[in-house]
Amino acid sequence: MGQWLFLATLGPVQEFIAAARRTRDLWFGSWWLSELSRVAAATVRENGGKLIFPGTDPAQAGQSSFANKILAVLDRDPAELGERVQQAVAERQAQLWVDAQARIKGRLADEPALAQIQDLPEVYWAAVPLPDHSAYAEARRAVEALMAARKATRDFAPVTWGDAVPKSSIDGQRESVIPEDAYPQGLGDPQRRSKIDALYEQYRAGPAERLSGVDLLKRHARPESMQPSFSSTADVAVRTLLRRLETLDRSVAQQAWQTYLHALKTLAGTARLAEERARREAHWLLEHYDGGLLLESRVGELFDDDAQARQQALAALADFYRAVRCDRPQPYYAILVADGDRMGATIDNQSSMEAHQDLSQRQSHFAQAARAIVQNHDGSLVYAGGDDVLALLPLHTVLQCARELHRRFEEIINPPGQPPRFTDGHGAPPTLSVGIAIVHYIEPLGDALALARAAERVAKRVPDKNALAITLSKRSGADITVQGRWGELDTRLEQFVILHRLDALPDGAAFQLRDLAERLTPKQGQPTLPSQAALAEAKRIIGRKQPRRGQDEKLADATRQAIYSALAAGHGHALATIRVVADELIVARLLASAADLAGLPLQGA
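None of the values given here were measured: they were computed from a predicted structure.

Criteria and cut-off values
- Residues numbered from 1 in each chain as written.
- Predicted model: local features only at pLDDT ≥ 70, side-chain atom pairs only at ≥ 80, totals over all residues.
- Heavy atoms only, no water.
- Helix = DSSP H or I, 4+ residues; strand = E, 2+ residues; numbered from the N terminus.
- Buried < 20%, exposed > 50% of the residue type's maximum accessible area, 1.4 Å probe, protein only.
- Pairing = 2+ DSSP bridges.
- Phe/Tyr/Trp six-rings, centres within 6.5 Å; stacked < 30°, edge-to-face > 60°.
- Lys NZ or Arg CZ within 6 Å of the ring centre and 35° of its normal.

(A) Structural detail: the environment of N376. Positionally, N376 belongs in helix 15 (residues 353-376). A relative accessible area of 67% places N376 in the exposed class. With 25 residues separating them in the primary sequence, N376 and C401 have C-alpha atoms 8.4 Å apart.

Right, dumping it as structure tokens:
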């Protein structure tokens, strides 16, 4: 038997990962897919397959994420290997479910739960003959086409677990497997409090959460080789404040925290407050408590049925902020999604298996680097595999983190100072585009992730890509999205952040510019105000205020000139450019507020 080019893919992917209410769900969805992909890759290698993609050795993966696609060269029957891969994935899935069941203390509808678990993994494989290595590029395109055809003719079978019970409140598709009598029956249920406590203790479920077997797998299964922490979105949002507290007298902050924590335990009870523990890695101030306890709205949720206790808890929180003499953090955080540009075309342009293997290894190197970059910027990495990155970040580091990811991607794929080793068929090297969504911590996680992926798509639509897009979604008003190429948009945002931090812009200037553009831009036809007149009015709005800090006047002048340059750089009528600059100033204002609270040094543009 000659050689074969073997391709396997695993799923479900985005819809499964996005079906998450807590960061734990989101993280596990990514880890689960990566783990099953690692098992599939290991099975291919153990059976003599030579891995081309991914470029990571599955036996030495550590905490590295695995892409859900395995490409290998075989000297054996691909059908037999395909069955072994499917069997290995099914066995690992069963093992994870057994592990999860051991941690679930309450009763379950066992048969539907098991059926849902067994039905979850989707493993597809395809193979084509590889007559010799000179035919590699053609064979790879053929096996990709065969895989696409296989997925288009996927097998569908009727579900076996359907029943007249509520659907999962997370994915809305699978039936809940937690007995209905475990939930409180309305506000008047005399056992309401004890049932709510039991739901969390036994299932890690909220009082309104109906969970399927798959949801419970996400909540309870745990990797054997690691002890992951699952910081909440609220915890990520308050890291801006924590960064500032690190620079102050720690003893003052620790004393204020202990006083506040004592008040919460007295009001809520130690057992109830324990739900806020073990959600994050050990911290010098918070220990293992969730940082969301420093947000007023999060504290209010602890006492939703006791108004007096809520008021007392909020008063204790106010005492904490008075003691540490810091402003309260914005309740916003960022979700970052990064993806390589032209990667498919670059792979298509590799004529040999060895070149493709080299590219795969560089992608794996980038994924490892991405983990360190996110951690160094106080973020929480959800996934880094191949050229994909998904992470949660506080606002004071998100722009710098995105920029560092972009820089390292290009350095690793095509090291500087050398002719580009990897390009597409037109000679263009791959780049990294990044989408960022800035959202309120209370926003449903699935919706927030969808916003980040939408921002990534906006970045991908920038001509020639190599772009950044940021969507700001506040609790009131329409979403704002800014987009542009790396080296342009990020530079302007950085300059605008400086201008805001210098207090060198009139209050509300960005919103006045936006209002100017909206009022004078007709829904149909051309604006009646001449372009130069609109530009002059915009400059008048911006120039009405001088910086307060005299030593920074030079820096303020330079950054103000950056705004003027941005206003003059647009094509067409000035009102369109004014609207773009106004949106960028609004995004920069929130980033500047976070930088101020974090106590970051003010650096020149």
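(B) Summary view of the pairing of strand 3 (residues 69-74). Most of strand 3 is tucked away, with 5 of its 6 residues classed as buried. Of the pairings in the sheet, the one linking strand 1 (residues 3-11) to strand 3 comprises 6 bridges and is antiparallel in character. Pairing of W4 across the sheet is with L74, part of strand 3. As defined by bridge partners, strand 2 (residues 50-53) adjoins strand 3 across 3 bridges and the pair is classed as antiparallel. Following the sheet pairing, L51 is matched in strand 3 by A72.

(C) Spatial organisation of the packing of aromatic side chains. Counted according to the given criterion, the structure contains 9 aromatic pairs. Between the aromatic rings of F320 and Y321, the centroid separation amounts to 5.3 Å while the plane-to-plane angle is 85°, which identifies the pairing as edge-to-face. According to the relative accessible area criterion, F320 is buried, its value standing at 1%. Among the residues examined, Y321 registers a relative accessible area of 5% and is labelled buried. Taken together through their ring pairs, the aromatic side chains of W257, Y260, Y289, F320 and Y321 make up a single cluster. Against the face of F422 rests R421, its NZ or CZ located 4.5 Å from the ring centre. Taking NZ or CZ as reference, K539 lies 5.5 Å from the ring centre of Y564, over its face.

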